[in-house]
Amino acid sequence: DQQVKQNSPSLSVQEGRISILNCDYTNSMFDYFLWYKKYPAEGPTFLISISSIKDKNEDGRFTVFLNKSAKHLSLHIVPSQPGDSAVYFCAASKGNTGKLIFGQGTTLQVKP
Amino acid sequence: DTAVSQTPKYLVTQMGNDKSIKCEQNLGHDTMYWYKQDSKKFLKIMFSYNNKELIINETVPNRFSPKSPDKAHLNLHINSLELGDSAVYFCASSQNRGGGLADTQYFGPGTRLTVL
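Everything numeric here is computed off the predicted structure, so don't read it as measured data.

Engineer: Sorry if this is basic, but what is going on with the sheet that holds strand 1 (residues 4-7) of chain B here?
Structural biologist: Backbone-to-backbone hydrogen bonds pair the strands of a sheet. The strands run either parallel or antiparallel. All names here are of chain B. The strand order across the open sheet formed by four strands is 1-3-8-7, and the pairing between neighbours is antiparallel. The sheet is open, and its two borders are formed by strand 1 and strand 7 (64-70), each paired with just one other strand. Taking each pair of neighbouring strands and ignoring which way they run, the sheet shows an average axis angle of 20°. Where strand 7 and strand 8 (residues 73-78) come together, five bridges link them in antiparallel fashion. In the sheet register, P66 faces strand 8, and the bridge partner there is L76.

Right, here's the structure in full:
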């Protein structure tokens, strides 16, 4: 019973274009959502987050959108750069449990 | 000046053996975690300790036992290793209990465990 799903295992975009990574969740009690980025042989690193009271959060080239009615969030990267090539994990939590529920990741390849 | 470190990075062992993975954080955080990334790439939380107190204990076989000698260290002991224990194990830490906007979890580089 996977509560957080990333249905696209991979995505390939051209440098300079927009990358859109998607994530769906099933538990309406989740109130905090995050994106982590992971390079090979390294641990995930925090990228950006959003609270359920917001529908958008922006940090530089990265924007996360939350659609609570659809139980869907997305990460937009614009413009995409080759250094953005990595695995992106969506995660969700509820309350102050500290328990992050992760999706299975989407591998992004940004081509020069 | 690694924030969250794990040793060893790779661990290859035989079924039935007992092994340990060590984790240390130098961020001054109060909470530490162990996650398992299985063959399907899902990252799943196993345990969490806050100031040496166990606060999250997911459905994990009791062959897995975390030990926190102090709040900067959280070690994972695994007894009677099985083939299905092969995975990448990540340690993480956060300032507080890891919930909400102000409490990001920082991950170590992972330990790849292979059980033969």
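Additional details are given in the paragraphs that follow.
Engineer: What's the story with the pairing of strand 4 (residues 32-38) of chain A in this structure? I'm lost.
Structural biologist: Strand residues, when the strand is regular, have side chains that alternate between the two faces of the sheet. Residues and elements named next belong to chain A. Counted residue by residue, strand 4 has seven buried out of seven residues, so it is predominantly covered. Side chains Y32, L34, Y36 and K38 project from strand 4 onto one buried face, and the interleaved F33, W35 and K37 project onto a second face that is buried too. Sheet analysis places strand 4 next to strand 5 (residues 45-51), joined by six bridges and oriented antiparallel. Each bridged residue has a counterpart across the sheet, and for L34 the counterpart in strand 5 is S49. Counted between consecutive antiparallel strands, the loop separating strand 4 from strand 5 contains six residues, among which A41 sits at a positive phi close to 65°. Of the strand pairs in this sheet, strand 4 and strand 9 (residues 86-93) are connected by seven bridges, and their pairing is antiparallel.

Engineer: I would appreciate a short explanation of the interface of chain A and chain B in the present structure.
Structural biologist: If you look at the interface, chain A gives 22 residues, while chain B gives 23 residues. Roughly 1800 Å² of surface becomes buried between chain A and chain B when both sides are summed, with 62% attributable to carbon and sulfur atoms. On inspection of chain A and its partner chain B, the count reaches one salt bridge. The interface formed by chain A and chain B includes four residue pairs in polar contact (both at pLDDT 80 or more). At the level of elements, strand 4 and strand 5 of chain A are the ones that each hand at least two residues to the side of chain A that touches chain B. The residue makeup of the side of chain A that touches chain B, split by class, is nine nonpolar, ten polar and three charged.

Engineer: It is not clear to me how the packing of aromatic side chains should be interpreted in this structure. Could you clarify?
Structural biologist: What characterises a pair of aromatic rings is the spacing of the ring centres plus the angle enclosed by the ring planes. What the rule picks out here adds up to 13 aromatic pairs over all chains. Ring geometry for Y36 of chain A against F107 of chain B: centres 5.4 Å apart, planes inclined by 85°, an arrangement best described as edge-to-face. Of the two residues, Y36 of chain A sits in strand 4 while F107 of chain B sits in strand 10 (residues 106-107), which places them in two different chains. What makes F107 of chain B buried here is its relative accessible area of 10%. For the ring pair F102 of chain A and Y35 of chain B, a centre distance of 5.7 Å and an interplane angle of 90° mean the geometry is edge-to-face.

Engineer: Hey, could you run me through the nonpolar core in this one?
Structural biologist: When a protein is soluble and globular, its nonpolar side chains tend to lie buried together. Core analysis: the largest hydrophobic core is formed by 24 residues, its most contacted members being V4, F33, W35, L73, L75 and Y88 of chain A. Ranked by residue count, the leading element in this core is strand 9 of chain A, at four residues. When near neighbours in sequence (up to four residues on either side) are disregarded, L75 of chain A contacts S19, I20, L21, W35, L47, I48, F62, T63 and Y88 of chain A. Counting 19 residues, the second-largest nonpolar core is a separate cluster that includes L11, I78, L113 and V115 of chain B.

What counts and how
- Residues numbered from 1 in each chain as written.
- Chains lettered and ligands numbered in written order.
- Predicted model: local features only at pLDDT ≥ 70, side-chain atom pairs only at ≥ 80, totals over all residues.
- Heavy atoms only, no water.
- Pairing = 2+ DSSP bridges.
- Helix = DSSP H or I, 4+ residues; strand = E, 2+ residues; numbered from the N terminus.
- Axes fitted to C-alpha atoms, helices over the stretch in contact; angles between N-to-C directions.
- Buried < 20%, exposed > 50% of the residue type's maximum accessible area, 1.4 Å probe, protein only.
- Contact = heavy atoms within 4.5 Å.
- Buried area = accessible area lost by both parts, 1.4 Å probe.
- Salt bridge = Lys/Arg side-chain N within 4 Å of Asp/Glu carboxyl O.
- Polar contact = N/O pair within 3.5 Å; in protein donor to acceptor, adjacent residues only side chain to side chain.
- Nonpolar A, V, L, I, M, F, W, Y, C, P; charged D, E, K, R; others polar.
- Phe/Tyr/Trp six-rings, centres within 6.5 Å; stacked < 30°, edge-to-face > 60°.
- Core = buried A, V, L, I, M, F, W, Y, C linked by side-chain atoms within 4.5 Å.

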